[in-house]
Amino acid sequence: MHVRVRAGAVEDVRLEIYEPPRFFEAFLRGRRHTEPPDITARICGICPVAYQMSACLAIEAACGIEVSAPVADLRRLLFCGEWIESHALHIYLLHAPDFLGYASALDLAREGRGRGLVERGLALKKAGNAIMELVGGRAIHPVNVRVGGFYRAPARTEMAALAEKLRVALDLALDTVAWAAGFEFPDFHHDHEMLALVTPGQYAIDRGTVASTGGLTFAPAEFEDYVIEEQVPHSTALHARLAGRGRYLTGPTARYTLSGQWLSPVARQAADAAGLGAECRNPFRSILVRAVEVVYAVDEALRLIDRYEPPAPCYLEVPPRAATGHGATEAPRGVLFHRYAIDADGLITSARIVPPTSQNQASIEDDLRRFVADRLDLDDRQLTWQCEQAIRNYDPCISCSTHFLDLTVDRG
Amino acid sequence: MTGQDSPGQRTVVVGVGNEFRRDDGAGPAVIARLRALQPGDASLSGVTLALSDGEPGRMIDLWEGTRLAVVIDAVRDSRMPPGHLYQLAVDALTGVADGAASSHGIGLGDTVELARVLGRLPARLTVLAVAGRDFGLGTGLTAEVAAAVGELVEQVREIVRR
């Protein structure tokens, strides 16, 4: 991250983020149309399900296939597992130590009460892990997902055992919201246009129409008409903007703002009790939104399990045809868009992946510009620490690292 | 594949890494070789062979309650030539974190320390590491690291026999 200061004012803030999906796009060309779920799952160890699901939706759209409602429900359940895992990791091991004044989760765990908090986070995360293992076949890079559905549908008895774990996790998730509600949040707000999938009547996770707080609504197939990615000189990551409008923000706070009215009653009550209003424009409060989303994901998983019948068949054959398909899902970090063109033999001729982190980059830089401007009296070490916190609000892939920021300040 | 012994008697071998990040795939490559050997190798009987992306919660879940955990990972170490092998007992791991080449930033050293603080270390933990050369995007190990996979497999077999 580079900051240029002139005459006591921030003149420029640039964030350089390394971006891997371009390699995968090239790697996908010439592969069979059945392969992207397995290949793209390797892009991210924390959100492989989102990559798999966006890939499946896009390829199924290209081939004119729509999976059955029970298969779609099983996908949504798997997605809940990923949200629980990813959010619990971020809340407890990365984000909460910032608010509690610890350098890392390790330092937090060394304190008397901190140990119990880290244990609670790991236990909550493990519930998500259990969903991933049962429905996805394993916890990392799930192997049970295929274009058209699943290789194997879990038995009802297996689901019953999973529900036992989730009922315990629901209490942990509710405790997490109440705990995070007590943090002190810096008074900082943004005015970015926020963008997320919406599925009226239901909190969007596994599919939806793209919508924004500025009133935009469009189908995933129109994504590239509305979202423009462009090179910027200072970063290998492309910057996304809405055509004719500018920067925007995707992720938990955008989802909450656009779909908060469709949270389940228990998640809605938790959000209200935590003081979250109808929208969330303070990025530091994203930890609270993630905690509410964990409550929702656990609750939603229990609802899906309660009515679960193993889908039969558990997958549809998806014969290829020459066409282009688009898919978008809500990864834990925001909207994840995939587009594939395949030929009549089922070989991929082009692929495009737009991950949430690159969509948010312009908004993160804008936040940092204003954030740094109020903190120019800090020395570089203090400023680095606070900027890391500000970036961590957005949970970009780079924030997996506890100390990731290489800050240079040119003070003129 | 999963060990059938009671908790406390189990042995787990964990390959850490991502085979789409060149030499970061060394750990998974060792696990693949061990899986091929396991059916006919008495020393590997009942040993759990697992893959991990290094994420701390799942790592701790994999090794908690085991008699022995062997973790295989690739590391960046500019002081050593690619393919150089390391064998570290748990007490020697403090400070390894910065050298871990995981695609995510919470290093193995921090994970071990976190498990120690939480009282969730295995009874015995050995880390086998190999110095990688290329951690960029792409599949396939560089020649030096590929050449070390056989020796890593032999070291695992020797350790689990003890």
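Preceding this paragraph is the structure being described.
Residues numbered from 1 in each chain as written. Chains lettered and ligands numbered in written order. Predicted model: local features only at pLDDT ≥ 70, side-chain atom pairs only at ≥ 80, totals over all residues.

**Examining the overall build of chain A**
Point 1. The helix and strand tally for chain A stands at 13 helices and 14 strands.
Point 2. Taking 2.2 N^0.38 as the reference for a compact globule, 412 residues should give roughly 22 Å; the C-alpha atoms of chain A span a radius of gyration of 21 Å, in line with that estimate.
Point 3. Principal-axis analysis of the C-alpha atoms gives chain A an extent of 65 × 45 × 35 Å.
Point 4. For chain A, restricting intrachain contacts to residue pairs at least 6 apart in sequence, the fraction spanning at least 24 positions comes to 73%. (Helix = DSSP H or I, 4+ residues; strand = E, 2+ residues; numbered from the N terminus. Rg over C-alpha atoms; globule rule 2.2 N^0.38 Å. Contact = placed C-beta atoms within 7 Å.)

**What to know about helix H2 (residues 56–63) of chain B**
Residues and elements named next belong to chain B.
Point 1. The element H2 is extensively covered by neighbouring structure, given that six of its eight residues are classed as buried.
Point 2. Buried within H2 are the following residues: Pro-56, Gly-57, Arg-58, Met-59, Leu-62 and Trp-63.
Point 3. Of the residues flanking the end of H2, it is Gly-65, one or two places downstream, whose phi is positive at about 80°. (Buried ≥ 20, exposed ≤ 12 C-beta atoms within 10 Å, placed from the backbone.)

**Here's the deal with the sheet that holds strand E12 (residues 334–342) of chain A**
Residue and element names in this part refer to chain A.
Point 1. An order of E11-E12-E13 is seen for the three strands of this open sheet, with the pairing classed as antiparallel. Single-partner strands in this sheet number two, and they are strand E11 (323–331) and strand E13 (348–354). Each adjacent strand pair in this sheet contributes to an overall mean axis angle of 15°, direction not counted.
Point 2. Alignment of E12 against E13, held across six bridges, turns out to be antiparallel. Considered in E13, the bridge of Ala-341 is made with Ser-350.
Point 3. Contacts from helix H12 (residues 356–373) reach E11, E12 and E13, with the element oriented near 130° to E12. (Pairing = 2+ DSSP bridges. Axes fitted to C-alpha atoms, helices over the stretch in contact; angles between N-to-C directions.)

**Notes on the environment of Ile131(A)**
Residues and elements named next belong to chain A.
Point 1. Along the polypeptide, Ile-131 turns up in helix H6 (residues 112–136).
Point 2. Spatially, the C-alpha atom of Ile-131 lies 32 Å from that of Glu-222, the residues being 91 residues apart in sequence.
Point 3. Ignoring sequence-local partners within four residues, the contact set of Ile-131 consists of Leu-77, Leu-78, Cys-80, Gly-81, Leu-162 and Ala-301.

**Some remarks on the nonpolar core**
Residues and elements named next belong to chain A.
Point 1. Core analysis: the largest hydrophobic core is formed by 151 residues, its most contacted members being Val-292 and Val-295.
Point 2. Tallying contributions element by element places helix H4 (residues 69–100) first for this core, with 15 residues.
Point 3. For Val-292, the contacting residues outside a window of four places in its chain are Val-177, Ala-267, Ala-270, Ala-271, Ala-274 and Leu-276.
Point 4. If you look at the next biggest cluster of nonpolar residues, it comprises twelve residues, including Leu-15, Ile-364, Phe-371 and Ile-391. (Core = buried A, V, L, I, M, F, W, Y, C linked by C-beta atoms within 7 Å.)

**Looking at the pairing of strand E3 (residues 68–75) of chain B**
Residue and element names in this part refer to chain B.
Point 1. A large share of E3 lies buried, amounting to seven of its eight residues.
Point 2. Of the strand pairs in this sheet, strand E1 (residues 11–16) and E3 are connected by five bridges, and their pairing is parallel. Following the sheet pairing, Gly-15 is matched in E3 by Ile-72.
Point 3. With seven bridges connecting them, E3 and strand E5 (residues 125–131) associate as parallel partners. Each residue of the ladder has a partner; that of Ile-72, found in E5, is Leu-128.

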